[in-house]
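Spelled out, the chains give:
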Amino acid sequence: RLLSSRALLPPPPRSDRHPSSSATLTMSGYDEGQVFWSDQQLSDKTQNVQGLVQAFKKFIREFPAGLEFPYRDQLRKNTAMHEHRLEVNLDDLNSFDQESYTQVHDRPAEMLPHFEAAAKEVYAGMVVGKRDDDAPIPDIQVILTTTSEPTGMRDLAAKHYSKLVHVQGIVIQAGKPTVKATAIMLQCKSCKITKEVYVKPGLEGCVFPRVCDNRSADGSRNDCGLDPYNIIAEKSTYVDIQKLKIQELPEQVPTGEMPRHIVVTLDRHLVGRIMPGAVISASGIYTIQAGAGKPGKLGANSGAVRQPYLRVVGISEATGVGGRMTDTDFTAEEEGKFNQMASDPDFFAKMQRSIAPSIFGHDDIKKALCCQLMGGSRKQLPDGARLRGDINILMLGDPSTAKSQLLKFIEKAAPISVYTSGKGSSAAGLTATVVKDPNTGEFFLEGGAMVLADGGVVCIDEFDKMRPEDRVAIHEAMEQQTISIAKAGITTVLNTRTSVLAAANPTFGRYDDMKSAVDNIDFQTTILSRFDMIFIIRDTREEERDKRIARHVMGLHAAGANSPMVEGEIDLETLRRYVCYARHKCKPRLSAAGAKRLQDEYIRIRQRLAQAGGPNGDAAPAIPITVRQLEAIIRISESLAKITLSPIATERHVEEAVQLFKESTEDAASRGLMQDGMTSGQMLKDVQRSEEMIRGKLGIGMWVPERSLVADLASKGVSETAARRAMSIMLQRQELELRSQGKYVCRKR
């Protein structure tokens, strides 16, 4: 009725109109009531954004899992615990809305803010009436996960830029968590106007305006000078951020190639969840880091060179990789096959013959290596203390006895393994080190070989060539299975739940029968007691044995790769999978009968060595038999039970473990004790007299040939046995030091 009445009014006089005014002509329809609606002409981009937000909200609210809505429930549960995050599986998004999944995969940097805005709106709808109206709604972080096949680090290329990629690797560096501004509040020094500048996520920065944006009443820009803005830190917005460096898994590195690595950034709820040595599965946006080019390096185009990194939007510890397995990583067919293998009464012998089948003999060592691959059971005590289940083995022997070949085979057979040489390994390289970033000056924690092999085996060749201070550094890693770091403001504890397989040569290069075990083994008691089994490997000269070894070696060379002796009864891949299955599934415990038998055997072993050392215990063994060795036999018993997937280590397993211990550590400890003849009072007096004569002959810092020193003492009426025994005791006290592979003796103090 209003429109119709207005239409009946007479038109205004022509003199009141201004035909020259286009604005008046354009707006005349509004005045005359002739316009009933108008098109606001929203851009297609705005409409698309609104549509995407609605699609994401629908997914969070309505994705079903049976009779439940998991993402809606997860959001409610997490926010109730003040954890404002939502973990989304991309496979669920793909099955619910393929178009939204494609957008997130191809344009993650643009889509993720919309996804988080949708989650924030859903949360705001949940808390209507449950919180103050003026209370701000917190931001929700959307964490993306996927079960798709990971992309290899060597396959990342320019085509993946700004795309969502999924990678796996081992963390070798972890930086300290820091904060980064997401929105910076600026204030002009002159006119005091404020301005908010948003910062791009990841390692990107922002550009501050050089001039003030404030305008006066007439529309002209105020002259506040150049760079007038100050940062108001308390009104800016910050998030946590952390940098990691991840490296290719060892099994993915081609032979002869250097492992690749990539820098990744974590933010908000992802910060502080990962430590060095962890194998991770990360989903992120493949991005390039903007950085200034260096003049003179690549010419005028140096600014075009960018360093790629991964801005992580989802991270978790990987399973199914190496030895890190879960129940879902084994099929029902595999489990049936493994149980059938374990039920074979001759399975342990088959497994032993499958360890390094190209190497002749060493049956006891191969049994020990089977036990090491399986390991015992880790135990957590009520007071928080942990008892290790990993077995450490030392092979000490002559050159050309296949020690290094056994190490190489275990490196291939173990699900997780690191091979290193003692000569080229330092304490920091084996344990952990703190390195300084040359660009930012920030300190990073970098894990060494034992941290990277967490849950596996570290093979250390040429163990005797390591410096003593480097060997001391792995004491804590071998027994407590942790590494404590307190350097450059970084104080933390890293896990090193790993077995150590070490190979070394005797003091004089070859094992000398004329010298005692103390003289031949140039290791401190502290490191020897941490080895569960110690094997002394001799290159004995027996005609029949030499014939069989020669026949075996000639057969290998004649047949080459087609030789049946190269492949064991259990192929390498099946052996590796079986070891993973047994370590994950079976956690055996010692039976009561087995514990009683083990207690009696331990007491007998201690008594035998005490009797061999003489009535006063003068001749202490080179390798001590302590409570650690009792725990070693328990671990060996549990590993033997684990080989057959038995939940109980019975008396039979204990007997076999004791026999294996006797043939290794006890045999090495008792070598040379009786032959020294140091059981009489006269021998003790001769040794003491020899020590006084050595001190009188050698001043501090002097050194003489070892043979001439023994000959000089013998010419004065001292037996060679007493002279060598005195030198051995003084070496243990570190009064003397051997140089040039034992050819010269030097007095230190």
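Preceding block: the structure.
My aim in this report is to walk through the structure given alongside it, one point at a time. (Residues numbered from 1 in each chain as written. Predicted model: local features only at pLDDT ≥ 70, side-chain atom pairs only at ≥ 80, totals over all residues. Heavy atoms only, no water.)

Another aspect to go through is the overall build of the chain. Secondary structure assignment for the chain yields 25 helices and 26 strands. Counting every position in the chain, which comprises 749 residues, the buried fraction comes to 44%. Summarising the internal contacts of the chain: among those between residues at least 6 apart in sequence, 72% fall at separations of at least 24. For the chain, the exposed area adds up to about 39100 Å²; of that, 51% sits on carbon and sulfur atoms. (Helix = DSSP H or I, 4+ residues; strand = E, 2+ residues; numbered from the N terminus. Buried < 20%, exposed > 50% of the residue type's maximum accessible area, 1.4 Å probe, protein only. Contact = heavy atoms within 4.5 Å. Areas by Shrake-Rupley, 256 points an atom, 1.4 Å probe, with all protein chains shown as cover.)

Enumeration according to the criterion identifies 29 salt bridges in this entry. Where R268 meets E116, a salt bridge forms, and the shortest distance between an N and an O atom there is 3.0 Å. Placement of R268 in the loop between β8 (261–267) and β9 (279–289) and of E116 in helix α7 (residues 108–126) is noted, with a sequence separation of 152 residues between them. Note on R268: relative accessible area 28%, which makes it partly exposed. On the basis of relative accessible area, E116 is assigned to the buried category, the value being 15%. For E248, the salt bridge identified is with R154, shortest N-O distance 3.0 Å. Residue E248 is located in the loop between β7 (237–247) and β8, and its partner R154 is located in the loop between β2 (141–145) and β3 (164–175); the two are separated by 94 residues in the primary sequence. Taken together, the shared-partner salt bridges connect R597, E601, R604, E651 and E655 into one network. (Salt bridge = Lys/Arg side-chain N within 4 Å of Asp/Glu carboxyl O.)

Now for the packing of helix α10 (residues 363–374) against helix α19 (residues 572–585). Where α10 meets α19, the axes come as close as 9 Å, and the angle between the chain directions of the two elements is 55°. When the axes of α10 and α19 are compared, the pair comes out oblique. Taking contact as the criterion, the partners of Q372, L373 and M374 in α10 are, on α19, Y578, V579, A582 and R583. Of the residues that constitute the contact of α10 with α19, the class distribution is five nonpolar, one polar and one charged. (Axes fitted to C-alpha atoms, helices over the stretch in contact; angles between N-to-C directions. Parallel < 35°, antiparallel > 145°, perpendicular 65-115°, else oblique. Nonpolar A, V, L, I, M, F, W, Y, C, P; charged D, E, K, R; others polar.)

Looking now at the sheet that holds strand β26 (residues 744–747). One open sheet holds the three strands; their spatial order is β24-β26-β25, and the pairing between them is antiparallel. Each end of this open sheet is capped by a strand with a single partner; those strands are β24 (703–705) and β25 (736–739). Looking at each pair of strands side by side, their axes are set apart by 25° on average, direction ignored. With three bridges connecting them, β24 and β26 associate as antiparallel partners. What sits directly across from V704, in β26, is V745. Here helix α24 (residues 706–715) sits on the sheet in contact with β24 and β26, set at roughly 85° to β24. (Pairing = 2+ DSSP bridges.)

Buried residues dominate strand β21 (residues 533–537), accounting for five of its five residues. Burial along β21 is two-sided: the face carrying M533, F535 and I537 and the face carrying I534 and I536 are both buried. Sheet topology places strand β13 (residues 393–397) next to β21; five bridges connect them, and they run parallel. Paired with M395 across the bridge in β21 is F535.

Now for the side chain of H166. Tracing the backbone through its elements, the reader meets H166 in strand β3. Classification of H166 by relative accessible area gives buried; the value is 7%. Within polar-contact distance, the side chain of H166 engages the side chain of S283 at 3.4 Å. For H166, the residues in contact, after removing those within four places along its chain, are T146, S148, E149, P150, T151, S281, A282 and S283. (Polar contact = N/O pair within 3.5 Å; in protein donor to acceptor, adjacent residues only side chain to side chain.)

Before going further, it helps to examine the nonpolar core. With 53 residues, the main nonpolar core has M351, I393, M395 and L501 as its most contacted residues. With seven residues, α10 is the single largest residue contributor to this core. When sequence neighbours within four positions are dropped, the list of residues in contact with L501 reads L369, Q372, I393, M395, L407, I410, V457, V458, C459 and I460. Core analysis: the second largest hydrophobic core is formed by 38 residues, L394, A432, A449 and I490 among them. (Core = buried A, V, L, I, M, F, W, Y, C linked by side-chain atoms within 4.5 Å.)

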